[in-house]
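So you can see what is in the structure, the chains are spelled out below.
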Amino acid sequence: MTINFCGVTFPNPTVLASGILGVVGDSLKNVVINGAGGVTSKSVWLTRHDGHPGPVMMGTQNFYINAVGLPDGGIEKAREELKKYMEWNESQPEEKQVPLIGNIVAGSIKDFAEIAKGMRQIGPDIIEVNISCPNVEDEFGRPFAHCAISAGAATEIVKKNAGKIPVIVKLSPNVGNIGEIAKACEASGAEGLTVANTFGPGMVIDIDTAEPILANKVGGVSGPGIKPLAVKKVWDTASAVKIPIIGMGGVMTGRDVIEFMMAGASLVGIGAGVYYRGVEVFSSVVAEIEEWMVENKVANLQNIVGKALKK
Amino acid sequence: MENPMVKTYIFKGNLGAKPGQFVNVWMPRVDEKPFSVAYCDDKEFWLTIAAVGPFTKKLHKDFVKGSKLGVRGPYGNGYTVLKNKHIVLLAGGYGAAPLYFLAHESVKNGCKVEFIVGAKNKDLLLYTEMISKMENVSLHIATDDGSVGMKGYNTLILEKLLAEQNGSSDGHGIAELFVATCGPEVMMKSAMDICEKADVPIEVSIERYMKCGTGVCGNCCVDGLGVPVCKKGPVMRGEMARKISGLAKWHRDNVGLKINW
């Protein structure tokens with residue numbers, strides 16, 4: 001079930017998505033104990049960043065919507081928490097070690113250089129660049145991920161400051177040309193892509209008070225309902241680039257993971273799945289993947305990556 | 001109105017909460033905050049809220065009878081409600097509210113209850129009148145300034161009760177005892193130490209900065225255990241709570257930075 005991604009070995013293809021259970025180092029450890037094959041930190045800012053007031057989320061059977069607002073304590077806090085995880089991970093037997101992806105975010109190209117340097121010093125296995133959060137905008141007020149030139153510029157500056165650590169870029173699905181943006185990131189040095197962030201923005205209104213429920217009024221949509229949309233984004237991206245992909249969006253089961261992999265993802269992120277199935281979702285999904293592999297006589301999971309796409 | 005800083009709000013409806021569980025209360029255009037349930041049956045539930053921050057001060061000022069608030073929950077796990085046991089409840093300050101609910105359910109289940117409440121002074125004591133009227137409940141009071149009850153920490157009463165019970169022959173030996181506590185973490189930690197020494201099981205209620213309430217955002221994850229308190233707590237057995245690093249020393253703010261208690 002091992003997957004090689006950007007030269008890093010993941011014991012299984014499930015990865016904790018950024019922004020979920022990633023505030024405290026020991027929380028990442030708890031996610032690993034529950035079966036994740038990789039963990040991603042929350043988005044780390046250079047300095048303290050307060051999120052939105054509540055409510056910051058709401059979930060239904062079909063979708064999950066959130067506008068937490070990327071709260072973070074800054075790079076020094078991240079250093080303490082991520083180092084704590086890394087030390088624990090290194091103390092584990094090699095076959096049980098689970099890679100850490102350090103997610104970074106910034107509001108300007110200049111800050112992307114600084115936060116990349118800071119994350120390089122912490123030294124996770126991979127650096128993931130969040131250019132797709134609606135809170136993070138380029139000079140024209142759009143997320144960097146909505147413009148090929150801005151996405152490329154953010155990728156390039158992080159790559160320049162990340163040393164030898166592989167750099168992957170987390171894209172927005174809310175564009176008509178994700179392939180073009182993916183290519184711009186690839187050309188600027190990205191070694192992988194994460195596809196994708198939440199859809200939307202969306203809105204939910206409480207009809208008893210006639211008020212939008214989220215304090216931020218709008219938020220990113222995830223959960224079971226977005227899965228077909230996300231699978232298509234992975235397919236489009238995988239058709240455009242050669243670099244590997246972490247696919248995500250509405251993954252609840254092992255069969256969902258297989259589907260994303262067949263669309264071209266090497267690893268598959270789980271975020272809202274934690275809401276629906278608890279943190280135990282990782283071990284359950286891994287068991288479901290194993291079951292599918294046995295049933296379908298698949299010995300090496302890496303062989304199914306892009307299987308639907310190549311036909 | 002419980003005291004100048006604390007009000008109890010009564011909501012209509014069947015929440016289905018257990019003692020120790022909490023709800024998230026939403027004031028549109030303001031914020032959303034977690035509150036433990038102070039009482040619940042199939043017709044109504046109570047939230048006892050102290051005006052301590054911007055949200056609760058605004059709630060006290062603006063929320064009047066008949067106005068609407070959003071409530072989601074109940075969340076978290078709740079205390080164990082025992083049957084026909086002798087239990088000790090140890091409340092510090094606002095902790096009296098959820099333990100009142102636990103006392104109510106425990107008495108319904110045939111328990112005998114020792115209810116210890118503590119506060120800085122008599123004006124800050126909560127629920128004492130209601131507790132004193134409950135059947136099969138003995139009320140014990142401690143205040144820091146001695147304005148009512150025993151002068152000193154309420155944990156001294158706990159120590160005394162456990163010691164007395166140890167030598168008693170009323171059929172409820174110490175092996176039968178069970179302690180539940182809610183209040184400042186430093187107080188709960190010393191209660192844990194007392195119970196560990198006396199070999200009596202204890203449940204504590206851990207308070208952390210919560211946002212989603214559903215074990216997703218990770219803001220209330222505790223060091224050591226790594227679990228979100230909103231989901232695996234807030235109530236924990238003493239043995240589990242002991243594994244929280246920084247217990248009674250630090251908690252974290254809205255961005256996850258450590259703050260000393």
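Preceding block: the structure.
Below is a short write-up of the structure. Bear in mind that the values here come from a model prediction, so they are computed numbers and not experimental data.

What counts and what doesn't
- Residues numbered from 1 in each chain as written.
- Chains lettered and ligands numbered in written order.
- Predicted model: local features only at pLDDT ≥ 70, side-chain atom pairs only at ≥ 80, totals over all residues.
- Contact = placed C-beta atoms within 7 Å.
- Nonpolar A, V, L, I, M, F, W, Y, C, P; charged D, E, K, R; others polar.
- Pairing = 2+ DSSP bridges.
- Helix = DSSP H or I, 4+ residues; strand = E, 2+ residues; numbered from the N terminus.
- Axes fitted to C-alpha atoms, helices over the stretch in contact; angles between N-to-C directions.

Side note on the interface of chain B and chain A
Interfaces are frequently sized by the accessible area removed from exposure as the parts join. In this complex, chain B contributes 25 residues to the contact, which on the side of chain A involves 33 residues. In terms of residue class, the side of chain B that touches chain A is built from 10 nonpolar, nine polar and six charged.

Observations regarding the sheet that holds strand β7 (residues 100-104) of chain A
Two orientations exist for strands paired in a sheet by backbone hydrogen bonds: parallel and antiparallel. Residue and element names in this part refer to chain A. Pairing is parallel around the closed barrel formed by eight strands, whose spatial order is β3-β4-β7-β8-β9-β10-β15-β16. This sheet shows a mean twist of 25° between the axes of neighbouring strands, independent of strand direction. Where strand β8 (residues 126-130) lies against strand β9 (residues 167-171), four bridges are found, and the strand directions are parallel. Note on β9: the bridge partner recorded for Val129 is Val169. Of the strands in this sheet, β10 (192-195) and β15 (245-248) are in contact with helix α6 (residues 227-240), which crosses β15 at around 165°.

Notes on the sheet that holds strand β3 (residues 31-40) of chain B
All names here are of chain B. Sheet architecture is open: five strands sit in the order β1-β4-β3-β2-β5, paired in antiparallel fashion. This sheet does not close on itself; its edge strands, each paired only once, are β1 (6-12) and β5 (70-75). Across the sheet, the axes of successive neighbouring strands diverge by a mean angle of 35°, strand direction being ignored. Bridging between strand β2 (residues 22-27) and β5 involves four bridges; their strand directions are antiparallel. The residue bridging Asn24 from the neighbouring strand is Arg72, located in β5. Where helix α2 (residues 96-108) meets the sheet, its contacts fall on β3 and β4 (44-50), and the angle it forms with β3 comes to roughly 30°.

Concerning unusual backbone geometry
Residues and elements named next belong to chain B. Cis rather than trans, the peptide bond between Gly73 and Pro74 has omega equal to 0°. Within the secondary structure, Pro74 is located in strand β5. The peptide bond linking Gly233 to Pro234 adopts the cis configuration, its omega dihedral lying at 0°. By the secondary structure assignment, Pro234 is in the loop between α6 (229-232) and β12 (235-237).

That's the geometry; what it means functionally is another story.
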